[in-house]
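# Remarks on the overall topology
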Amino acid sequence: MQPIERIAQAILQAERILFITGAGLSADSGLPTYRGLGGLYNGHTAEGLPIEAALSGPMLQRDPALCWKYLAELGRACLGAQANEGHRAIAELQRLKPQCWVLTQNIDGYHRAAGSPPERLIEIHGELAPLYCRSCGQEDAELAGHLERPLPPLCRACGGVLRPPVVLFEEMLPEAAIDSLYAELRKGFDVVIAVGTSASFPYIVEPVLRTRQAGGFTAQINPTRTDLSDAVEVNLQGRALDVLPELLGHISSHRICK
Ligand code: APR
């Protein structure tokens, strides 16, 4: 049986499913990935800093204009592109399977835009909007406008520096997202599929390992090898944009025949 048919079969038979997604899913929308070929983190900034230092909580504190220079680059890239058929295929699978969840590291908001139900979407690195003021907490939903004005964006109410609700380097993960992830992990998943992630964080690897150890089905969709390659049952070497719509096709056609 072809890898894609094995994944389709596992999803059809499963109740509880988790898609773990990373920058590779949005690479097909034209957004840069962070690591690997052409990744954002491979280089240093014009100031000679590793990008992880520029996009860190301490840098936003110490030099908001510098941090916002690189936040704005991410913001412009996300606002300048859109969700793709891979995001929409996942959203459709979530419609077909009421206990299908998404754990995403992406901050582009494309899963929501593609129709994934927010109550079954865990955005573990937050998202780019709405901005909020670090000093008074006032929200400001107008990211696009701020990117056209001098940075850093300042709060209209108190003049404090605005920031996006993303997890910057050296910052804690959002508590609500972590609580939701562990609540769902405690219930267990029948199937976990990692799509377009280098699996650089323990909270991304752990759901795969726990599901495998509990006898569930695990797979990865990625053109290259990652730290998960030897942990999953099925490796489907391919681009998300090519694989996910085909996977959805296998599943919906089977349902029709049933
Ligand atoms: N389809 C599927 N996978 C792809 C594609 C594609 N078209 N193009 C690239 N990939 C894969 C790469 O092979 C790589 O394994 O996507 C992965 C991207 O890895 P990263 O750039 O490390 O992105 P990600 O895993 O999401 O990074 C996690 O690191 O710094 C943080 O906040 C940042 O959310 C990000 C997190």
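Notes on the structure in this doc start here. (Residues numbered from 1 in each chain as written. Predicted model: local features only at pLDDT ≥ 70, side-chain atom pairs only at ≥ 80, totals over all residues. Heavy atoms only, no water.)

### Some remarks on the nonpolar core
As a rule of thumb, nonpolar side chains are buried together in soluble globular proteins. Under the convention used in this document: Think of a nonpolar core as a cluster: buried Ala, Val, Leu, Ile, Met, Phe, Trp, Tyr and Cys residues, connected wherever their side-chain atoms sit within 4.5 Å. Each residue is assigned to one of three classes by its accessible area relative to the maximum for its type, calculated with a 1.4 Å probe on protein chains only: buried under 20%, partly exposed between the two thresholds, exposed over 50%. For helices the rule is a DSSP run of H or I covering at least 4 residues; for strands it is a run of E covering at least 2, with both sets numbered from the N terminus onward. The contact criterion used throughout is that any non-hydrogen atoms of two residues lie within 4.5 Å.
Judged by nonpolar contacts, the single largest core of 31 residues is most densely connected at Ile7, Ile11, Phe19, Ile193 and Leu244. Residue assignment for this core shows that the elements contributing at least two residues are helix H1 (3-13), strand E1 (17-21), helix H6 (85-96), strand E2 (100-104), strand E7 (191-195), strand E8 (217-221), strand E9 (234-236) and helix H11 (240-257). Apart from residues no more than four positions distant in its own chain, Leu244 is found in contact with Phe19, Leu25, Gly86, Ala89, Ile90, Val195 and Ile221. Ranked by size, the runner-up nonpolar core spans 29 residues in total, among them Leu74, Ile107, Leu162 and Val166.

### A short note on the pairing of E1
Heads up, the rule is: Pairing between strands requires that DSSP locate at least two bridges from one strand to the other.
By the criterion of burial, E1 is predominantly enclosed, with 5 of the 5 residues buried. Burial of E1 is two-sided: the residues Ile17, Phe19 and Thr21 facing one way and the residues Leu18 and Ile20 facing the other way are all buried. Pairing between E1 and E2: 5 bridges, direction parallel. Across the sheet, Ile17 pairs through a bridge with Cys100, a residue of E2. Of the pairings in the sheet, the one linking E1 to E7 comprises 5 bridges and is parallel in character. Residue pairing for E7: Ile20 is matched across the bridge by Ala194.

### Notes on empty space enclosed by the protein
What counts here: Only protein atoms enter the 1 Å grid, on which a cavity is a set of points fitting a 1.4 Å probe that cannot get out and a pocket is an open set with protein on both sides within 12 Å along at least 5 of 7 lines, lining residues being those with an atom within 4 Å of a point. Grid points are joined across faces, edges and corners, and a volume is the space filled by probe spheres set on the points. Under the scheme applied here, ten amino acids are nonpolar (Ala, Val, Leu, Ile, Met, Phe, Trp, Tyr, Cys and Pro), four are charged (Asp, Glu, Lys and Arg), and all others, including Gly, are polar. Where each domain begins and ends is defined by an automated method or by a domain database.
In this structure the tally under the stated criterion is 1 cavity of 30 Å³ or more. The calculated volume of the largest cavity comes to roughly 130 Å³. Looking at the largest cavity, the residues that line it are Ala23, Ser26, Leu31, Pro32, Tyr34, Leu74, Ala77, Cys78, Gln105, Asn106, Ile107 and Asp108. Mapped onto the lining of the largest cavity, the elements with two or more residues apiece are helix H2 (23-27) and helix H5 (64-79). Of all the elements, H5 adds the most residues to the lining of the largest cavity, at 3 residues. Among the residues forming the lining of the largest cavity, the class breakdown is 8 nonpolar, 3 polar and 1 charged. Both domains that furnish three or more residues to the lining of the largest cavity are identified here as domain 1 (3-30 + 84-129 + 172-257) and domain 2 (51-80 + 131-163).

### Section: the site of the ligand
Selection rule: If a single non-hydrogen atom of a residue is within 4 Å of a molecule or strand, that residue counts as near it. In protein, a polar contact means a hydrogen-donor-capable atom and an acceptor-capable atom, both N or O and within 3.5 Å, with residues adjacent in sequence counting only if both atoms are side-chain atoms; elsewhere, any N or O pair within 3.5 Å suffices. Where accessible areas are quoted, they stem from the Shrake-Rupley method and a 1.4 Å probe; at the residue level, only the protein chains shown are allowed to cover. Molecule-in-pocket calls rest on the fraction of atoms, with more than half required to lie within 2 Å of the cavity or pocket grid points.
Around the ligand lies a shell of 22 residues, among which Tyr34, Arg35, Tyr41, Thr197 and Ser198 are the nearest. Measuring from an oxygen atom of the ligand, one finds a side-chain N or O atom of Thr224 at 2.9 Å. When the ligand sits alone it has 730 Å² of accessible area, and the protein chains cover 91% of it. With respect to the pocket detection grid, the ligand is positioned in the largest pocket. Here the shell around the ligand gets 3 residues from one element, more than from any other, and that element is H2. Each residue belonging to the shell around the ligand can be placed in one class, and the counts come to 8 nonpolar, 11 polar and 3 charged.

### Examining the packing of helix H9 (residues 175-187) against helix H10 (residues 202-213)
A packed helix pair is summarised by two numbers, namely the angle formed by the two axes and the spacing between the axes. Counted only if it meets this: Axes, fitted as lines to C-alpha atoms, cover a helix only where it is in contact. Angles between the N-to-C directions of the axes lie from 0 to 180 degrees. Reported orientations rely on four angle classes, namely roughly parallel under 35 degrees, roughly antiparallel over 145, roughly perpendicular from 65 to 115, and oblique for the rest.
Viewed as axis vectors pointing N to C, H9 and H10 meet at an angle of 10 degrees, and their least axial separation amounts to 11 Å. With respect to their mutual orientation, H9 and H10 come out roughly parallel. Along the contact surface, H9 presents Leu181, Tyr182, Leu185 and Arg186, while H10 presents Tyr203, Glu206, Pro207 and Arg210. In the contact of H9 with H10, the residues fall into 5 nonpolar, no polar and 3 charged.

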